[in-house]
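Descriptive structure summary
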Amino acid sequence: MKVVLAGGTGQVGGILNRALTAEGHEVVVLTRRPVRDRDVRWDGRTLGPWTETIDGSDVVINLAGRSVSCRYTEENLREMMDSRVDSARVVGEAIAAARRPPRVWLQMSTATIYAHRFEEPHDEATGVIGGTEPGVPGYWAFSVEIAKKWEQEQERARTPHTRRVALRSAMVMSPDRGGVFDYLLWLARLGLGGSVAGGAQYVSWIHDRDFVRAVEFLIDREDVAGPVNLAAPSPLPQRAFMGALRRAWGIPVGLPAAKWMAEIGAFVLRSDTELLFKSRRVVPGRLLEAGFAFDHPEWPQAAVDLVRRVRQERSRT
């Protein structure tokens, strides 16, 4: 099949591109800076010659959006919003104008859309959309608003012949350099992989190979549309999450970080504390109901697999 990956040059795009290409599919990547065969230039905002790749494709997966690994300044938040909403809008316009539209459009979203809470997990049916919870920084609501508008742009697109799925993805854990797992492993190896601000906040995650399998599952399941949580069924508190990662690598201890220490660290790394402090307890209700089986449902075993792959890759270089 022909798959168009819009904004497909980031970590998640690379994971999907490698997997789908290895399976023999034709993968076209829409990017602002084409450098490889089957890269096609687009700006993520306006229609252009790139729309020819959409016409006649089987699947469109839109991953475009400014990285959230940055300081949440007003300018950066606005760029996060615009890059996501604009790309979803223009992809919808291209699909609507296609003579042979794709049969499915998978639109990246985020598990951050759910409220910060510790008690009950969020699935698609009973989960609480965030933005109004008390006791959290006000700007966290803007992150939720970004996710809501991202999904709304897909919902309002006029694509009657194309099934639409919003991928409310948790953090995708892969051994790739520069990804979130690489960063967390780096902290652990420095001895800094302890609890953060008490460590009670939940971490939702998904193994990269389960992410690919879930995407392929959703491509094939013509009865599934709308929001779908892409997260392993066993989120766990941050202190347990990092403890399992340390054990997988063989690191006996990890220094804890108080809230103020984490705030300084995030500032130095030009990131934001929402990524550390928000409790994301998200579970894959619709995937499980549809019969999807995770190969890596538990974090300790997933961490062992990822560490093994990191060591294998580094032994080759």
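Quantities reported herein were computed from a predicted structural model and do not represent experimental measurements.

By size, the foremost hydrophobic cluster in this structure holds 35 residues, and its most contacted members are L16, L218 and L230. Elements supplying a minimum of two residues to this core: β1 (2-6), α1 (11-22), β2 (26-31), β4 (59-62), β5 (104-108), β6 (163-169), α6 (208-220) and β10 (226-230). For L218, the contacting residues outside a window of four places in its chain are L106, R163, V165, L167, V224, V228, L230 and L287. Formed by 22 residues, the second largest nonpolar core is a distinct cluster that contains V203, I251, W299 and V310.

Our next topic: the environment of E298. Relative to the elements of secondary structure, E298 occurs in the loop between α10 (285-289) and α11 (299-316). C-alpha separation for the pair E298 and P233, spaced 65 residues apart in sequence, amounts to 7.6 Å. What E298 contacts, discounting residues up to four positions off in sequence, is W205 and S234.

Turning to the sheet that holds β5, a few remarks are in order. Spatial strand order, β3-β2-β1-β4-β5-β6-β10: 7 strands in an open sheet with parallel pairing. With one partner strand each, in any of the chains shown, β3 (39-41) and β10 form the two edges of the open sheet. Strand-to-strand, the axes of this sheet are offset by a mean angle of 25°, without reference to chain direction. The pairing of β4 with β5 spans 4 bridges and is classified as parallel. When the sheet's bridge partners are listed, V59 is paired in β5 with V104. Along the sheet, helix α4 (residues 140-156) makes contact with β5, β6 and β10, crossing β6 at roughly 170°.

Turning to helix α5 (residues 180-189), its buried residues are F181, D182, L184, L185, L187 and A188. The elements touched by buried residues of α5 are β7 (171-173), α7 (238-249) and α11. Phi for G191, located one or two positions after α5, is positive at around 85°.

This paragraph deals with the packing of α5 against α11. Taken N-terminus to C-terminus, the directions of α5 and α11 make an angle of 90°; their axes are 12 Å apart at the nearest point. Between α5 and α11, the interaxial angle falls into the category roughly perpendicular. Packed against α5, whose contacting residues are F181, D182, L185 and R189, the element α11 presents W299, A303, L306, V307, V310 and R314 at the interface. Across the contact of α5 with α11, the residue classes tally to 7 nonpolar, no polar and 3 charged.

Throughout the structure, instances matching the rule amount to 7 aromatic pairs. Aromatic side chains F241 and W299 sit 4.2 Å apart centroid to centroid with 10° between the ring planes, which places their arrangement in the stacked category. Taken together, the positions of F241 in helix α7 and W299 in helix α11 put the pair 58 residues apart, joining distant regions of the chain. A residue is classified by how much of its surface remains accessible, and W299, at 1% relative accessible area, is buried. Each member of the aromatic cluster is reached from another via a ring pair, and the members are F181, W205, F241 and W299. It is R84 that lies over the ring of W150; its NZ or CZ is 4.8 Å from the centre. If you follow R311 out to its NZ or CZ, it ends over the ring of W249, 4.0 Å from the centre.

Rules used throughout
- Residues numbered from 1 in each chain as written.
- Predicted model: local features only at pLDDT ≥ 70, side-chain atom pairs only at ≥ 80, totals over all residues.
- Heavy atoms only, no water.
- Core = buried A, V, L, I, M, F, W, Y, C linked by side-chain atoms within 4.5 Å.
- Buried < 20%, exposed > 50% of the residue type's maximum accessible area, 1.4 Å probe, protein only.
- Helix = DSSP H or I, 4+ residues; strand = E, 2+ residues; numbered from the N terminus.
- Contact = heavy atoms within 4.5 Å.
- Pairing = 2+ DSSP bridges.
- Axes fitted to C-alpha atoms, helices over the stretch in contact; angles between N-to-C directions.
- Parallel < 35°, antiparallel > 145°, perpendicular 65-115°, else oblique.
- Nonpolar A, V, L, I, M, F, W, Y, C, P; charged D, E, K, R; others polar.
- Phe/Tyr/Trp six-rings, centres within 6.5 Å; stacked < 30°, edge-to-face > 60°.
- Lys NZ or Arg CZ within 6 Å of the ring centre and 35° of its normal.

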